[in-house]
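Chain residues, written in single-letter form:
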Amino acid sequence: MIGHAIKLAFRNYRRHRSSFFINVIGLSTGLACGLLIFLWVYDELKVDQFHEKGDRIFRVMEHQQYTEGIMTTWSTPGLLSGALAEEVPEIEYGLTLNWPNRYTLSVEDQNIKVTGRYVSKDFFNVFSYPLLEGNANSVLNDRSSIVLSRSTAENLYGTVDNAMGKTLELEHEEVLSVSGIFEDVPTTSSQEFDVILPYEKYLDENEWLHNWGSNSPPTVVALHPGADAEAVSMKIADFVKERSENSNVTLFLKPFTRSYLYGRYENGVQAGGRIEYVRLFSIIAVFILLIACINFMNLSTARGSRRAKEVGVKKVLGVQRSVLTYQYLVESMLTAMISLIFAIIAVALFLPKFNLITDKEISFSVDPVIWGSFLLITVITGLLAGSYPALYLSSFKPVTVLKGEIKSTLGELWARRGLVIFQFTLSVILIISVMVVYQQVNYVMEKNLGYDKDHLVHFALDGNLSEDADAFLAEAKRLTGVENISTIAHDLVGQQNNTSGLQWEGKNPEDRILFENVRVNYDLIETIGVELKEGRSFSRDYGADSTKIVFNEAAIEVMGFEDDPIGKTIRLWDEHNLEIIGVVKDFHFKSLHETVSPLFFRLTPEQTWRVMARLEGGKEKEGLEQIQALYEQFNPGFPFDYRFVDEEYARQYAAEQRVATLSRYFAGFAILISCLGLFGLAAFTGERRKKEIGVRKVLGASVFNVVLLLTRDFTRLVLLSICVGIPIAYMIADTWLERFQFKIGIHWWFFLGAGLIVLVVSWLTVSSQAFMAASVNPNDCLRDE
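This write-up is about the structure you can find in this document. Computed from a predicted model, the values in this text were never measured in an experiment. (Residues numbered from 1 in each chain as written. Predicted model: local features only at pLDDT ≥ 70, side-chain atom pairs only at ≥ 80, totals over all residues. Heavy atoms only, no water.)

Turning to the overall build of the protein chain, a few remarks are in order. Within the protein chain, the secondary structure is distributed over 24 helices and 26 strands. A buried classification covers 53% of the 785 residues belonging to the protein chain. Contacts in the protein chain between residues at least 24 apart in sequence constitute 78% of all its contacts with a sequence separation of at least 6. Split by element, the accessible area of the protein chain, about 35500 Å² in all, is 54% carbon and sulfur. (Helix = DSSP H or I, 4+ residues; strand = E, 2+ residues; numbered from the N terminus. Buried < 20%, exposed > 50% of the residue type's maximum accessible area, 1.4 Å probe, protein only. Contact = heavy atoms within 4.5 Å. Areas by Shrake-Rupley, 256 points an atom, 1.4 Å probe, with all protein chains shown as cover.)

In structure tokens, the structure reads:
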């Protein structure tokens, strides 16, 4: 039976070639978009899912209570993991994972920069990073050990086999022994590192990590099988408060496998994260597939009259309606399968570009989930596209169709129009959304941040540089292409070091306000280009500026010092009395998703760890080359590893930039598919009304009159789509913009522009077919029968 249905399907393809090609182009384009989005969504959902103990691994998170609300972070005290593993019986392993950092490794004359992490000794017992060499139970027991990734081992020693037991230098200071080799971290891991180092050694070398009131390294625990995570979370809630007087910290557990997608919190409540973009693009994929399916439905039902006699004859010969429905469903499924072949070819061609845009390494792998999902998406698309036409065509009555009296009912006509309206409504929503996202991303990238991020470069104050910083800075200031240079313990991108340990006259003892603590050297404020509102910056001319402090406007406001802040004294950590000598205008050191937080600069050159250099515009290359030469002169054996601040800033909005880029492509494809359907309907309308057109032309109608007649109905449908789509798009855009504290307004011209785009494109599509129909010789039309 299926063989006969397939044979009939191919006959109909040959008979109605134009409809077949329009359907295949529309469905294959829709499927290609849907498959690309599925590959991206599948890759996002796979992140951190490969760990064998994944269902038992949890991040220990903190809710920190402040006057302005709750801040949620995964920074924790340095002693937390060991104390939890020792005192909470439900916890099998407790790990501290220090933040990744860049380190120099040296073997003989070879020096390379790698990303390394100090971690607790049970790291490889908890996480599933396969060890090629070494034992998971002992690989980090020796404090002078180091574990290398495969690539790092091959880079330093040629092969993995040559690396085990060999020694290397870390930062040209410590000699470490290679105790293990692990397989390179997969792209589906949220953690990135090239080498692993023992945290116990790092803990011994940093006294501040022994303070329960200090936070920095994240903590991860693995529970025993069968342990109740919610009960453990409640049990450890006050763990830090019991060890630190006046602590504002409440601990809770969060599944490690959910951290990547659900990373955003607002006032202590989980508020989304990357999962929002997963949902967004899943909805876009559904929209595009729906538009493609609507094309198929409309063209199939519109051309139903051509197959009416076929249906009538078959029914007279005794063919049941269910058999006819089956035949038309097979035809639609076959069209979908043919479209899938072209879609897969298109995906294979566009995948490298798609990977470039999404910063992924997606490939066609022999993964049954991927290919099974491709097939399932195609089957659903085929059934969805073919169900209505199959039911519609099989419903024709034999007597009516054989007499040639079949006519479209008002209900059928409005159903077809409704599908066109729905199709173009989705297109309008996509276009407006793209405009809003694109404008917001542009606003974010071009906004005046309060400091000049352009031509600003930073690099680590490592090796000999930390000892000879003053000499290096003095020499660097004389270099061509270098406008200014200083050091800082911050990179100006994100919240990094903060404290609530400030006291001032008039402060409410119950208030707990968080300030960003930025430790700087002389000339730093001038180097980054922050503008002084009043007072002065740190200067060698005054001698004792180590007892001074500079605040931003937000800090002055929360302290209530707006009238005359200069000369007032604050106390920091009950240790330092610091005099306010200056106030800088607010600048954005955090994402524009957040408000500007209170901040202060302290002159502590000995605590800075990063060089910040301002290059002269137009001489960036020359300036960088000279800085590198000077760096290598002061710091032989250390690779020069630098970053531009504007690039680091842009990286904060990588997700939004990808959304903006991909949305433009997908909106374009949605319009293309919609117009394909409109093109087919316009061609069919012109063919169906050719006798009417012939009569009108004989009676004196011009080509323009006929074109206007044929486009009028379609124009009404598109205008109605615009009216329906605009309020929906406004609500979606407004909701998306709410996540930004600094954002664009939703302007009227977004809606006008989207409406004009849809209207003009639809006019061009329909009028081309209308013009062809209107240009036909009336004699040919009227002589047909």
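Most of strand β11 (residues 219–223) is tucked away: five of the five residues are buried. Residues of β11 alternate between two faces, with T219, V221 and L223 on one and V220 and A222 on the opposite face, all of them buried. Strand direction decides the pairing type here: strand β1 (residues 57–66) and β11, joined by four bridges, are antiparallel. Its bridge partner lying in β11, I57 is registered against A222. Of the strand pairs in this sheet, strand β3 (residues 91–96) and β11 are connected by five bridges, and their pairing is antiparallel. Bridge pairing in β11 places L95 opposite V220. (Pairing = 2+ DSSP bridges.)

With that out of the way, let us pick up the environment of F256. Here F256 is to be found in helix α8 (residues 256–259). When its relative accessible area of 1% is taken as the criterion, F256 is described as buried. Along the primary structure F256 and V220 are separated by 36 residues, whereas in three dimensions their C-alpha atoms are 8.0 Å apart. Leaving out residues up to four positions away in the same chain, F256 has contacts with D48, H51, I57, F58, R59, F127, S190, Q191 and V220.

With that out of the way, let us pick up helix α5 (residues 150–157). When we look at burial in α5, the residues that qualify are T152, A153, L156 and Y157. The arc enclosing the buried residues of α5, seen along the axis, measures out at 100°, which places them on a common side. Check the buried side of α5 and you find it contacts β4 (101–107), β5 (110–119), β7 (145–149), β8 (167–170), β9 (174–182) and β10 (195–198). A positive phi of about 90° marks G158, the residue just after α5. (Arc of directions from axis to C-beta.)

Two elements in contact, helix α15 (residues 469–476) and helix α18 (residues 620–634), have axes whose closest approach is 11 Å; the angle formed by their N-to-C orientations is 155°. The pairing of α15 with α18 is recorded here as roughly antiparallel in orientation. Handedness of the crossing formed by α15 with α18: right-handed. Only L630, Y631 and F634 of α18 make contact with α15, whose side of the interface consists of A471, F472, E475 and A476. Residue composition of the contact of α15 with α18, grouped by class: six nonpolar, no polar and one charged. (Axes fitted to C-alpha atoms, helices over the stretch in contact; angles between N-to-C directions. Parallel < 35°, antiparallel > 145°, perpendicular 65-115°, else oblique. Left-handed = near helix turned anticlockwise from the far one by under 90°. Nonpolar A, V, L, I, M, F, W, Y, C, P; charged D, E, K, R; others polar.)

What follows deals with the packing of aromatic side chains. Under the defined criterion, the tally for this structure stands at 37 aromatic pairs. Here the aromatic rings of F38 and Y42 are separated by 5.7 Å at their centres, their planes lie at 10°, and the arrangement is stacked. Taken as a pair, F38 and Y42 lie in helix α2 (residues 17–46) at a separation of four residues, close to a single helical turn. Classification of Y42 as buried rests on a relative accessible area of 16%. Taken together, a centroid distance of 5.0 Å and an interplanar angle of 65° make the contact between F459 and F640 edge-to-face. With F459 in strand β15 (residues 456–460) and F640 in the loop between α18 and β26 (642–644), the pair connects residues that are 181 residues apart, well separated along the chain. (Phe/Tyr/Trp six-rings, centres within 6.5 Å; stacked < 30°, edge-to-face > 60°.)

Among the structural elements, Y129 can be located in the loop between α4 (123–126) and β6 (131–133). Here Y129 falls in the buried class, since its relative accessible area comes to 3%. With 54 residues separating them along the chain, Y129 and E183 place their C-alpha atoms 6.6 Å apart. Ignoring anything within four residues of it in the chain, the contact list for Y129 reads F50, H51, F123, F124, F182, V185, P186, S189, Q191 and F193.

Across three bridges, the pairing between strand β20 (residues 532–535) and strand β23 (residues 576–584) is antiparallel. Within the sheet, the bridge partner assigned to E534 lies in β23 and is V583. Bridge analysis of strand β21 (residues 548–552) against β23 gives five bridges, and the strand direction is parallel. When the sheet's bridge partners are listed, N552 is paired in β23 with V584. Bridging between strand β22 (residues 569–572) and β23 involves four bridges; their strand directions are antiparallel.

One pass over the structure, following the stated rule, counts 30 salt bridges. Its salt-bridge partner being D523, residue K477 comes within 2.4 Å of it at the nearest N-O pair. Taken as a pair, K477 in the loop between α15 and β16 (482–488) and D523 in the loop between β19 (515–520) and α16 (524–528) lie far apart in primary sequence, 46 residues in all. Residue class for D523 comes out buried when judged on its relative accessible area of 19%. D545 serves as the salt-bridge partner of R536, at 2.9 Å between the closest nitrogen and oxygen. Connected via shared salt-bridge partners are D43, E44, R274 and K360. (Salt bridge = Lys/Arg side-chain N within 4 Å of Asp/Glu carboxyl O.)

Another point: the nonpolar core. The biggest cluster of nonpolar side chains holds 102 residues, and the ones touching the most others in it are F538, F587, F601 and F666. Tallying contributions element by element places helix α14 (residues 410–446) first for this core, with 15 residues. Leaving out residues up to four positions away in the same chain, F587 has contacts with L449, G450, Y451, L492, V530, V596, L599 and F601. V107, L176, V195 and L197 belong to the second-largest nonpolar core, a separate cluster that totals 24 residues. (Core = buried A, V, L, I, M, F, W, Y, C linked by side-chain atoms within 4.5 Å.)

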